[in-house]
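If you want the building blocks of each chain, they are given just below.
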Amino acid sequence: TKLEVIDFGQNSLTGTIPTELGLLSDRLRYIKLNTNKLKGTIPSEMGDMMSMRSIYIYNNNFTGTLPSEFSKLSILDYFWVYQTQITGPLLFCDKISATPRIDCSQIHSCPCCLDMDGTTCRQTAAGYD
């Protein structure tokens, strides 16, 4: 079988995201871990999930910055990381899908949320496909 979706959103999960998640790199397309009590940093191994289309990790207690390995997620369409303690810009914005839906609205200096003229462009409201 081929695991393509992990949806553990809104389950009061605690702890950290296991680095072993990166072992699903050639199969996993959608991961939803939002609205839990997860903490720690985002594992760099998540950047190896080349088939990933959607990541929802908002409303958790993550800290640190996003790994530079995320720049390898070239077909990523949805990435929601708001309501976390993650800081710093998302340095991979220009390397992912041409029309991503990204909400990093609470991360300061996030180039994904602003168009060249400074207007909000790639940020999206609540909800997902």
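Next up on the list: the sheet that holds strand S4 (residues 37–40). Pairing in this open sheet of 4 strands is parallel, and the strands run S2-S4-S6-S8 from one edge to the other. The sheet terminates laterally at strand S2 (14–15) and strand S8 (85–86), the two strands that pair on one side only. Sheet analysis places S2 next to S4, joined by 2 bridges and oriented parallel. Its bridge partner lying in S4, glycine 15 is registered against leucine 38.

Turning to its location among the elements, asparagine 34 is positioned in the loop between strand S3 (30–32) and S4. The residues touching asparagine 34, leaving out its near neighbours within four places in the chain, are Phe8, Gly9, Gln10, Tyr56, Ile57, Tyr58 and Asn60.

Reading guide: rules and limits
Within any chain, residue numbers begin from 1 and follow the written order of that chain's sequence. Only residues with pLDDT of at least 70 are given local features in this predicted model, and only at 80 or more are side-chain atom pairs given and counted; all residues enter the totals for whole chains, interfaces and linings. Side-chain numbers come from the whole structure's heavy atoms, not from hydrogens or water. Paired strands, in this sense, are two strands between which DSSP finds at least two bridges. Here a helix means four or more residues in a row that DSSP labels H or I, a strand means two or more in a row labelled E, and each is numbered from the N terminus. Should any heavy atoms of two residues lie within 4.5 Å, those residues are counted as being in contact.

Keep in mind that these numbers describe shape and distance, not what the molecule does.
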